[in-house]
Each structure stands twice: as structure tokens, then as C-alpha cells.
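Structural description and commentary
Each chain is listed here by its residues.
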Amino acid sequence: MRRTRLFTKTLREAPADEVARNAQLLIRAGFVHKEMAGVYAYLPLGLRVIEHIKQIVREEMNAAGGEELLMTTLQPSDIWEKTNRWDDEVVDNWFKTKLLNGTVLGVGLTHEEPIVDAARPYISSYKDLPKSVYQIGNKYRNEKRAKSGLLRGREFIMKDLYTFARDQEEHERVYENFAVAYGKVYERLGLGDVTYRVKADGGIFTKRYSDEFQTRTDIGEDIIYHAKGSELYYNQEVAPSRAPRVEQASEQLPMEAKHTPGVVGVEQLARELGVAVESTVKTMLYVIDDVVTAVAVRGDYEVNEIKLRMALDAKSVALADEDTIKRVTGAEVGYAGLIGLPDDVRIIVDDSVEPLVNFELGANVTNEHNVNVNWDRDLPRPECFYDVKDAKEGDLSPETGEVYEVFRAVEVGNIFPLETKYTDLLDMYYLDENGERQSIVMGSYGVGVSRLMGVVAEHFSDDKGLIWPENIAPYHVYLVSIGQTGSEKADELYDELAKRGVEVMYDDRDVRPGEKFADAELMGMPWRVTVSDRGVEAGTYELTERKTGETVVLTYDELLAKLG
Ligand code: ATP
Ligand code: MG
């Protein structure tokens, strides 16, 4: 491609409202156009990158046994109603639109329901399973924040794959197979050494974790807990954690009620009572699958509702309302504790509270807290303690006993065991060898294709611009001509490289060399070749690697050998 024919030019500045570095660079280099927040058009250069990423994803999905298809963007409500995912209260990021007759349609944000619907005529016997299908296309989500450029679009490109299996065992095999394929995708994109398979929330219909693929980067929205020296990575939302031990008194002091009117929050409470925050205990009241439950964590922790749900194998976890709190504690909100609760209130105590001696606890009396509370003496020690706290930095991994390594990352893929939720709800079953009806085990697997382009732009760039990995660069070579004879020789080289199938962006513009070099750096093709009058005289060509900035001087044949 000749620069003089290219649709885009480089821009001095990105729009003022663009705050994400990936989008700033991609806009300035002419790869994308910002239509509005979270909505980007892919211009010719950007489209080439997207197509390269798609191709890598496609090859790996095909190699792992996936078949490609294309589902629709417009969605009828009925199939989503069957799985309770149509209501805006349940799924809050739907875009919806209307037919002329008033019928409301959804704009596709994921495709579990329609894929089951489409598979129904073809899956009825054990002989029809397993099956794996995927698509690469646009998804639409009404995201609250869309300030991270390509990392969080309201319209974005995703590869989504769905698998159907006879039973859990078959599903497991298929699932692991695609997990391995995912690893290969990130490897080929050059992100292999900074992308990790991370355990994350599996959702309410499975006891299992889902697996996220997270790329380490400071701009990531997710926080990852790594048990050092192991392959165990957790999203903070589910990271098991052990509180570092805090020195405890050897002697139990008498329990005492303290008057604490108007105290808000553990920090203030600890100050007023003259105790360490680590000696306070926070009691939160929840309704968990209809059972009122008091959940206690050490004061410097928060209750983690996902871990709570998983620990109790529950379907729903919600904070109790004011009336319930008043009823069970007999006090205003803010004074809940564990002593004297009605018998039908279940008590769940986090393991951070277990070792405490002389701790503080809400008194279940308005304006009162107890201090110097002790297990066994003042309240029965629970038979078992749970881990239901949000992990925080400094916590230990219960699996290795070591302090976690904590870092930020961006989710570039997510694979989910869906069990039989969607297939059951949408009434798709199969007949086994004995002619008996069986549920179908499903999996769902997403890769953020456009997000990956943003992640790569962010990860592989410097103050001069983009640095594309060879596998996805829009062009392999950026050819710069300088001077009259330089241009003639550059024309020849361009034709020769084209013949050899090398993809070249040829800067044939009549502008200063400095401008061409700056554009070469901003656009980020892996190699720059400079053909100048002086070089032609000496019979040499300069080859510069974008990644290292190193230049070597080569003869024509050496250059062709290197590039072609
Ligand atoms: P997030 O937690 O980042 O909002 P998600 O968990 O809702 O993402 P999934 O439904 O798991 O997303 O989608 C599969 C993949 O699609 C994600 O791993 C991510 O790479 C990508 N993705 C999701 N939402 C967006 C978005 N708004 N913009 C770009 N890519 C996205
Ligand atoms: Mg996800």
C-alpha cells in the first residue's frame, strides 16, 4: 500500500475527550475513528489488525474442534425470558430496540440462548454430541463506564464459542481443550508471558469457578491474586485468603458494654473505644436463600458475597433490609453482633475472627458495643470458621501459606462451565444409549477481539507510538524513500517485495524524511527500510527494527533474504 493512496493520515492529536492511551495512539496513527464513547470504527489499518487477530483466534478454535457460524444481532425476547435474562433489572446492560409494530427486540450482548435455540433441531441423540460452535462478531453492551478506549466498548468485537456435551466428564474434556487453545491464542499475540489463567466467579448456577484469561497491565480493572511459586491465580472477587496473624493478649479481660452513640464505621469505632481496628468485628446481616444469616468478619475486612454464596452453595445472597435487621437484633442498624441473636438466625464467622482475644462486637443494643469479648466464655465458638472475606494486599494464600503477589490485569478472555442451566431452561435434551432423556452440559467461551487490539496497543508501545508484534501488524515493513534516486530504487524494492508476498506500507509521499520516520514510529510496523540517494550510491539499504530501534546496513540481496 502506498501512503499517497491510504485513506488515513496520522494526526497530531487525539480528540480531547479520549483519555485512554490505547485509543489515543490508535486514533493518532489512523487505525480507528472514535464515533462516540465506547464506539470505534476500524479504519483500513485497524481493520487489518483486527482481521489478523480474528484469524489467529479462528485457527486455534478450528484446531481445537470448533466450527464457525454467525448468529444474529437482533434478538427476540421469548428465549431470553425463559432463562430470566430479558428483564433490565436482571441484566442491566441490554440495548433494546423496537419493530414498527412496537415489538421490543434485544441487541445481542452474548448468545447462549440463541445458540441453544439454533442447535435444537440438530442435537437429539447421544450420537450428536459433543458439538462446538463459535462466531466472531459484534456485541453490544450498555456499559456504564466506557473510558478505556478499545478495552471497554459499548459496541465491540468478541469471539464467542459454545460447547454441548453428554455429561460432566465429556464437558470437562472439551473445556480443557479450549482452555489450552486460548493459551495458544495469547501466545501467538505476543502476550503469552503476561497472560494468566485465573479463577473467577462462575455465576449463580455452578459451584465451579469460571476461568478468566487476564493480561497483566497497570491499566487493568481487575485485581489478581497470585499464590507465588504456584500456578494458582485468582480474581480478587473469589481469592481465598488468610489474614496475617495479629499479636493477641495472653489474658482475657472482663467483657464490658460501651456506650457508642452516633459512631459511624469501624475506624471511628476503634478510635472511640481505644482498640485496634484488627480487634473489632463487623457483623453484617444477610438473607441467603431465605435464611437470615449473620456474617462476621474482622473489622478491617469486608464480607465477600461471592465467596459467601460459594461457601454455602447458595443461589441468592442479599443484604437484609432495615426491618429485618431491627427485628433480629432488636436494635437500630449498625449495632449487630453475634451474642443473643434469635435461634433461627444462622451464624457464619470468617476465619479472621477465630484467633481474636478480647475483641469488640456489636451488642445488638442501640448505641452499644461490647469490648473484651472472648470465644467460649462470652459466646460459643463456632464449629467451623469460613473464609468469606474480600482478600486484601498482605493476605496469605491458604494453599501455599505465603503472602500473595497482587497485580492489576485486564480480562482478555473468559470461559464458563454453564452446567445444564440454559439447555434445561430452553428445553433441549438428548436421548442416551438406552433411549433415556438426559440433560446437555454446556460451556461458553469468550475472547475480547477488539479489547485485545487495545491491550496490544497499550502493551507494545512507547513514547513514539505503536510497536506491533509481527503476527498482527497491519504491514510487515514501512518503506521510506529519500530523494530522487532513492525513490526510484524504493519503487523497485516495493514491487519486488510485493512479488515475494511481503506486506509493505510504502511512504512515497513528498515530505521531509523526519516526517516519514515519525510516522513509521507512530504506526509501528515491525521493520522500517530506508532507501536514500546516498544509500543507493553505496548500494546499501537501512533496515531498522521498530522494537529495538537498531539499524543494520544491508545490500539488496541481504535485505531480500532478511524480509522475503
Ligand atoms: P468485564 O468484566 O470486563 O466487563 P465480562 O466478564 O462482562 O467483561 P464476558 O461476558 O466474559 O465479559 O465476555 C467475554 C470477553 O469479551 C471478555 O473476557 C472480554 O475480553 C470481552 N469483553 C467483554 N466486555 C467487553 C467490552 N465492553 N468491550 C470490549 N471487550 C469486552
Ligand atoms: Mg467475563
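Residues numbered from 1 in each chain as written. Chains lettered and ligands numbered in written order. Predicted model: local features only at pLDDT ≥ 70, side-chain atom pairs only at ≥ 80, totals over all residues. Heavy atoms only, no water.

1. Some details on the overall build of the protein
A tally of regular secondary structure across the protein gives 14 helices and 30 strands. Once the C-alpha set of the protein is aligned to its principal axes, its extents read approximately 95 × 65 × 50 Å. Here the contacts in the protein between residues at least 6 apart in sequence split such that 70% fall between residues at least 24 apart. Surface accessibility of the protein: about 26,200 Å² in total, with carbon and sulfur atoms responsible for 47%. Separation between the mean location of the 68 positive side-chain charges and that of the 100 negative ones in the protein comes to 4 Å. (Helix = DSSP H or I, 4+ residues; strand = E, 2+ residues; numbered from the N terminus. Contact = heavy atoms within 4.5 Å. Areas by Shrake-Rupley, 256 points an atom, 1.4 Å probe, with all protein chains shown as cover. Lys, Arg positive; Asp, Glu negative; His and termini not counted. Charge placed at Lys NZ, Arg CZ, Asp CG, Glu CD.)

2. Thoughts on the coordination of the magnesium ion (ligand 2)
Within the first shell, the magnesium ion (ligand 2) binds the protein through Glu411 (OE) and Asn414 (OD1), at distances of 2.2 to 2.3 Å. Judged by relative accessible area, which is 12%, Asn414 ranks as buried. (Donors = N, O, S within 2.8 Å, 3.2 Å for Na, K, Ca; no water. Buried < 20%, exposed > 50% of the residue type's maximum accessible area, 1.4 Å probe, protein only.)

3. As for unusual backbone geometry
Backbone torsion omega between Leu129 and Pro130 reads 0°, so that peptide bond is classified as cis. The residue Pro130 is located in the loop between helix 4 (112-119) and strand 7 (131-140) in this model. Look at Asp313: it is not a glycine, yet its phi comes out positive at around 50°. Relative to the helices and strands, Asp313 resides in the loop between helix 7 (305-311) and strand 16 (317-319). Judged by its relative accessible area of 43%, Asp313 is partly exposed. The phi dihedral of Asp427 falls on the positive side, at around 65°, and the residue is not glycine.

4. Remarks on the site of ligand 1
Glu143, Arg152, Gly153, Glu411 and Arg451 are the nearest of the 14 residues found near ligand 1. In the model, an oxygen atom of ligand 1 is placed 2.9 Å from a nitrogen or oxygen of the Arg152 side chain. Residue Gly413 places a main-chain N or O atom 3.4 Å away from an oxygen atom belonging to ligand 1. Protein contact buries 82% of the 580 Å² of open area that ligand 1 shows by itself. Only strand 8 (155-165), strand 20 (405-419) and strand 23 (441-448) provide two or more residues apiece to the shell around ligand 1. Looking at the shell around ligand 1, its residues break down into four nonpolar, five polar and five charged. (Near = heavy atom within 4 Å. Polar contact = N/O pair within 3.5 Å; in protein donor to acceptor, adjacent residues only side chain to side chain. Nonpolar A, V, L, I, M, F, W, Y, C, P; charged D, E, K, R; others polar.)

5. Topic: the sheet that holds strand 16
Across a sheet, strands are paired by hydrogen bonds formed along the backbone, either parallel or antiparallel in direction. Spatial strand order, 16-14-15-17: four strands in an open sheet with mixed pairing. Both outer strands of the open sheet, strand 16 and strand 17 (346-349), are each paired with one neighbouring strand and no more. Strand-to-strand twist in this sheet, taken as the mean axis angle between neighbours without regard to direction, amounts to 35°. Sheet topology places strand 14 (residues 281-288) next to strand 15 (residues 291-298); eight bridges connect them, and they run antiparallel. (Pairing = 2+ DSSP bridges. Axes fitted to C-alpha atoms, helices over the stretch in contact; angles between N-to-C directions.)

6. A look at the pattern of salt bridges
According to the stated counting rule, one finds 45 salt bridges in the structure shown. For Asp88, the salt bridge is made with Lys96, and the minimal N-O distance between the two is 2.8 Å. Its relative accessible area of 44% is what places Asp88 among the partly exposed residues. Between Arg152 and Glu143 there is a salt bridge, with the nearest N and O atoms lying 3.0 Å from each other. A single burial state applies to Arg152 and to Glu143, both of which are buried. (Salt bridge = Lys/Arg side-chain N within 4 Å of Asp/Glu carboxyl O.)

7. Quick look at the pairing of strand 6 (residues 104-107)
In this structure, strand 4 (residues 74-75) lies alongside strand 6, joined through two bridges in antiparallel fashion. Counterpart to Gln75 in the pairing with strand 6 is Gly106. Inspection of the sheet shows strand 5 (residues 95-98) paired to strand 6 by four bridges, in the antiparallel sense. The partner of Lys98 across the bridge, within strand 6, is Val104.

8. A short note on the packing of aromatic side chains
Counted according to the given criterion, the structure contains 17 aromatic pairs. Measuring from centroid to centroid gives 4.8 Å for Trp80 and Trp94, while their planes differ by 80°, and the two rings are edge-to-face. Residue Trp80 is found in helix 3 (residues 77-82), and its partner Trp94 is found in the loop between helix 3 and strand 5; the two are separated by 14 residues along the sequence. Of the two residues examined, Trp80 and Trp94, each falls in the buried class. Following the ring pairs from residue to residue traces out a cluster consisting of Trp80, Trp86 and Trp94. (Phe/Tyr/Trp six-rings, centres within 6.5 Å; stacked < 30°, edge-to-face > 60°.)

9. What about the domain arrangement of the protein?
Taken as a whole, the protein is organised into domain 1 (14-211 + 418-457), domain 2 (256-373) and domain 3 (475-563). If you look at the interface, domain 1 gives seven residues, while domain 3 gives six residues. Taken together, both faces of the contact between domain 1 and domain 3 bury some 570 Å²; the carbon and sulfur share is 65%. The largest share of the area that domain 1 buries against domain 3 comes from Ala29, Leu45 and Arg48, three residues that together contribute 64% of it. Counting across the interface, domain 1 meets domain 3 through one salt bridge. Counting across the domain 1 and domain 3 interface gives two residue pairs in polar contact (both at pLDDT 80 or more). Sorting elements by how many residues they give to the side of domain 1 that touches domain 3 places helix 2 (residues 44-63) first, with three residues. Residue classes in the side of domain 1 that touches domain 3 are distributed as four nonpolar, one polar and two charged. (Domains from an automatic or database assignment. Buried area = accessible area lost by both parts, 1.4 Å probe.)

10. Digging into the pairing of strand 28 (residues 527-532)
Extensive coverage of strand 28 is indicated by the burial of six of its six residues. By the alternation rule, side chains of strand 28 split into Trp527, Val529 and Val531 and Arg528, Thr530 and Ser532, which are all buried. Bridge analysis of strand 26 (residues 477-482) against strand 28 gives six bridges, and the strand direction is parallel. In the sheet register, Val477 faces strand 28, and the bridge partner there is Trp527. Relative to strand 29 (residues 541-545), strand 28 is paired through four bridges, and the arrangement is antiparallel. Residue pairing for strand 29: Val529 is matched across the bridge by Leu543.

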